Amino acid sequence: QITTVSGNEFLLQSDIDFLILDWFHAIKNAIDRLPKERSCTSRNLEFKLRRSSSIELLNRLDTESKEPKPEHRKSLIFRLNYSASDTNDRNRVKSRLKKFISRRPSLKTLQEKGLIKDQIFGSHLHLVCEHEKSTVPQFVRLCINAVEKRGLDVDGIYRVSGNLATIQKLRFVVNQEEKLNLDDSQWEDIHVVTGALKMFFRELPEPLFPYCFFEQFVEAIKIQDNATRIKSIRSLVKKLPRPNYDTMKILFEHLKKIAAKESVNLMSTQSLGIVFGPTLLRPEKETGNMAVHMLYQNQIVELMLSEYSKIFGSEED
């Protein structure tokens, strides 16, 4: 998390350690290159790493804390707080944390004991649907209904970010409680609802467009003849697992309503493609040019919105 003195906040998240480390060094190097007269401004910049491996993070932080830094850059990147200033106490705390983390019961064990409920965010789509005995997650339906009720005319709907802390609060409520009322005043900001919906799709272990279909959709969007391209996309969509197909159909029908209000909300099919392309469609392993992949991801979503009736309609349509 990066917070500047002007009040801007940026959140960079990844479960990939080496990627986070690359981000850290890139930002650290940029700060170190700042002119000295701007050091008073940059001094208040804070960067915190969030890792999937807590033990490795502790080791990395301990190494970073021992590196010499110029006086005026002290605490620029990391603000490390220890319960004791003495080195031995610090090592003792670190050792205890390592033991605690290594002895933690697994998520599966906690779920089997009933201590943690089945999660909505971060679970496979088919598991959420099986649990709810539906083919479309209830949370997706609730968000869509809320946006169509009070968000179709909102400028930049789905493009503008909601308050991250409130979105995380909503995520927690969804994971812990069965009933959710999005008309509650605490979810009044519709950008919080859209942010949570995007987060739900982003945190699916496998995206809405399954990994095994990614290359097929990319090859289909490359087809030059428009009628053949639409027919190929339609054929692939029909082959999707039932939860993926039904969820995709209701989502794209909703986004089509958003695009229909473009003159008011300024969200065209192209804008929605840019927002939802990487969220709904991504390769299992990043290979080749990421920028090219992103272009195809956006184009696929854009085509499916503009040709919704031909892709999701019945054979007779």
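Criteria and thresholds
- Residues numbered from 1 in each chain as written.
- Predicted model: local features only at pLDDT ≥ 70, side-chain atom pairs only at ≥ 80, totals over all residues.
- Heavy atoms only, no water.
- Helix = DSSP H or I, 4+ residues; strand = E, 2+ residues; numbered from the N terminus.
- Buried < 20%, exposed > 50% of the residue type's maximum accessible area, 1.4 Å probe, protein only.
- Contact = heavy atoms within 4.5 Å.
- Areas by Shrake-Rupley, 256 points an atom, 1.4 Å probe, with all protein chains shown as cover.
- pLDDT = per-residue confidence, 0-100.
- Salt bridge = Lys/Arg side-chain N within 4 Å of Asp/Glu carboxyl O.
- Expected span 1.5 Å × (residues − 1).

1. Re the overall build of the protein chain
Regarding its fold elements, the protein chain presents 16 helices and 3 strands. A buried classification covers 40% of the 317 residues belonging to the protein chain. In the protein chain, the share of contacts with a sequence separation of at least 24, taken over all contacts with a separation of at least 6, comes to 72%. For the protein chain, the computed accessible surface area is about 18,400 Å², with 50% contributed by carbon and sulfur atoms.

2. Digging into the confidence of the model for the protein chain
Summarising the model, the protein chain shows a mean pLDDT of 80, and 72% of its residues fall at 70 or more. With pLDDT under 50 throughout, residues 37–85 is counted as low confidence; its partners more than four residues away or in other chains account for 83 contacts.

3. Focus: the pattern of salt bridges
Oppositely charged side chains can form a pair if their charged atoms are brought close together. Scanning all chains against the criterion turns up 8 salt bridges. Residue Arg159 pairs with Asp155 through a salt bridge whose shortest N-O separation is 4.0 Å. The class of Asp155 is partly exposed, set by a relative accessible area of 44%. Between Arg242 and Asp246 there is a salt bridge, with its nearest N and O atoms 2.6 Å apart. Remark: Asp246 and Arg242 occur in helix H12 (residues 242–260); sequence separation between them is 4 residues, near one turn of the helix. Look at Arg242 and you get exposed, because its relative accessible area is 56%. When its relative accessible area of 14% is taken as the criterion, Asp246 is described as buried.

4. Some words on helix H15 (residues 290–306)
If you check H15, its first and last C-alpha atoms are 24 Å apart, about what 17 residues at 1.5 Å a residue would give, namely 24 Å. Buried residues belonging to H15 abut helix H10 (214–221), helix H11 (226–238), H12, helix H14 (269–280) and helix H16 (308–312).

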